[in-house]
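Coordinate inspection notes
Each chain is listed here by its residues.
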Amino acid sequence: MKINKINSLVFAMLFGFGLSGQAQTKQWTLEECVRYALDNNITIKLSELDVENAEINKKDAFGKYLPSVNGNASHSWNIGLNQDVTTGVLRNQTTQYSSVGLNAGVDIYRGLQNQNTYRRTKLAIIASQYQLLKMQEDISLNVANAFLQILGYKEDLKIKTEQLSIDEKRLKRSEEMVSAGTIPRGDLYDLKATIATDKQNIAVSENNLLISKLSLAQLLQLKEFADFDVVDDTNAKDENNIMAQSPTDIYNKAKETRTELKLAQTNLEIAEKNVAIAKGAFQPTLSGFYGFNTRASYSDQVKFDDQNQPYTTGPDPIFQQFSDNKGHNFGLQLNVPIFNGFSVRNNVERNKVSLEKSKIDLEQKSLDLQRNVYTAFTNAKGALNTYESATVTLEARQQAYNYAKEKYDVGLMNSFDFTQAQTLLTNAQSEVIRTKYDYIFKIKILEFYFGIPIVPIPAK
């Protein structure tokens, strides 16, 4: 049942990739993969939009320094008994009025809230940039891990394929030896079972390789990944000699360069500004205002003669009315908070709590970084030891296999025992591959903490 599932997965992957024997496959380097992911990954694009949104918030905060200006205009019809807006006389008539106005206001003092808000938005931009950088670094590590997995599965598949080829040659030779009566027919059956197992192992390795390629292609957001492949250009070596550094040196360097600490520090500064903004609501506010208005009537006007007798005349010219009826008002407005149901005080206390949480978060990030660095160093050292041990084991298994082959070729070892020696050799080869790429990735993590990026991230 398990084999059928694996074969179904392999068929589905082959169908999805649309593999073709004539297709020309592009082979990607690790640097190409990382750079493509940095330019196209959806999560990174979302973080870039957060940076743009922070820039817009900064413009909003800057606008608080500027005066607000609003214009208004209206036109109305009044039917029935209405008061003449010019004379104050009540008349039963239909009238039309037009009015226009302009109002302006400016904050003079608001407890430094505008200044602190603007400074907070500048810090928020820095925080969003750090968040973007952290996302880029995380994606780079994920790409490197996926890239190395592909290399590991490719080498594993190569070993399994070579093993199948060797066993098929053995089968042909064994058939001849059975026909000649040199070896028993049971050895031939054992070898056929071994070949079946080889093919099963190849199917599993092919499935692992295809899934690993698909995972990296999705991480890169590739739209066309039918022929996606990577180059085999990575060796298991510490090119930057990072293992020569002590964990303390790596940690001290990480405290200066790691993005998560810079982000936590910036969030702490933002929390401090939030407290200052909240405290500003305790202080009086002073604002200035200016208003302009004028009006005109389209109906007959009631006027008074020299004897103070009313008489009716047609409406004055519209623009003359606007000029005659214009008015201005301006002044200062002072608001002093006296009691507001403790809302301001509670808001200050709430922001103080957030500030304390930011301080704790910064301290926790520092502790986490120290633990991660020492863990990464220990893991890298252990991975190196494991890889070296696996290499020694492989050398011994290779010698044991060569010796077993010599005995098998002269008839001093049966097929079952020889297959066991061969299986142990194959397992040792697979273990070397696994430990090699595990060591490479752990070295990349250690370099990451030391400030050595997988690929330099360009500033945007």
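Residues numbered from 1 in each chain as written. Predicted model: local features only at pLDDT ≥ 70, side-chain atom pairs only at ≥ 80, totals over all residues. Heavy atoms only, no water.

A few points about the packing of helix H4 (residues 113-179) against helix H9 (residues 343-409)
Where H4 meets H9, the closest approach of the two axes is 14 Å, and the angle between their N-to-C directions is 15°. Between H4 and H9, the crossing angle belongs to the class labelled roughly parallel. Relative to H9, the crossing made by H4 is left-handed. When H4 is examined against H9, the residues Ile166, Arg170, Arg173 and Ser174 are found in contact with a partner set consisting of Tyr401, Tyr408 and Asp409. Here the contact of H4 with H9 is built from residues that sort into three nonpolar, one polar and three charged. (Axes fitted to C-alpha atoms, helices over the stretch in contact; angles between N-to-C directions. Helix = DSSP H or I, 4+ residues; strand = E, 2+ residues; numbered from the N terminus. Parallel < 35°, antiparallel > 145°, perpendicular 65-115°, else oblique. Left-handed = near helix turned anticlockwise from the far one by under 90°. Contact = heavy atoms within 4.5 Å. Nonpolar A, V, L, I, M, F, W, Y, C, P; charged D, E, K, R; others polar.)

Let's talk about the environment of Ile443
You can see Ile443 is positioned in helix H10 (residues 415-449). Residues Ile443 and Glu239, spaced 204 residues apart in sequence, show a C-alpha to C-alpha distance of 9.4 Å.

A closer look at the pattern of salt bridges
A full pass over the atoms with the stated rule returns 16 salt bridges. With a shortest N-O distance of 3.9 Å, Asp107 and Arg110 are connected by a salt bridge. The exposure class assigned to Asp107 is partly exposed, which follows from its relative accessible area of 32%. Note on Arg110: relative accessible area 32%, which makes it partly exposed. A salt bridge links Lys442 to Asp438, with the nearest nitrogen and oxygen atoms 2.6 Å apart. Of this pair, Lys442 and Asp438 both sit in helix H10, four residues apart, which is roughly one turn of the helix. The network of salt bridges with common partners includes Lys154, Lys213, Asp229 and Asp232. (Salt bridge = Lys/Arg side-chain N within 4 Å of Asp/Glu carboxyl O. Buried < 20%, exposed > 50% of the residue type's maximum accessible area, 1.4 Å probe, protein only.)

Looking at helix H6 (residues 247-257)
By the burial criterion, the buried members of H6 are Pro247, Ile250, Tyr251 and Ala254. Down the axis of H6, the sector holding all buried residues measures 100°, keeping them to one side. Looking at the buried positions of H6, the neighbouring elements they touch are helix H7 (259-280), H9 and H10. (Arc of directions from axis to C-beta.)

Quick notes on unusual backbone geometry
When glycine is set aside, most residues are seen to have a negative phi, and most peptide bonds are trans. If you check the backbone angles, Leu112 has positive phi at about 65° while not being a glycine. Here Leu112 lies in the loop between strand S3 (90-109) and H4. For Leu112, a relative accessible area of 41% corresponds to the partly exposed category.

As for the side chain of Thr259
Topologically, Thr259 is positioned in helix H7. If we skip the residues at most four places from it in the chain, Thr259 touches Tyr130, Leu133, Lys134 and Glu137.

Looking at a nonpolar patch on the surface
On the surface, Val106, Ile108, Tyr109, Leu112 and Leu332 cluster together into a nonpolar patch covering about 440 Å² of accessible area. Turning to its location among the elements, Leu332 is positioned in strand S8 (residues 327-335). Exposure remark for Leu332: the relative accessible area of 62% places this residue in the exposed category. (Patch = residues over 30% accessible without salt bridge, like charges linked within 9 Å, V, L, I, M, F, W, Y side chains within 5 Å. Areas by Shrake-Rupley, 256 points an atom, 1.4 Å probe, with all protein chains shown as cover.)

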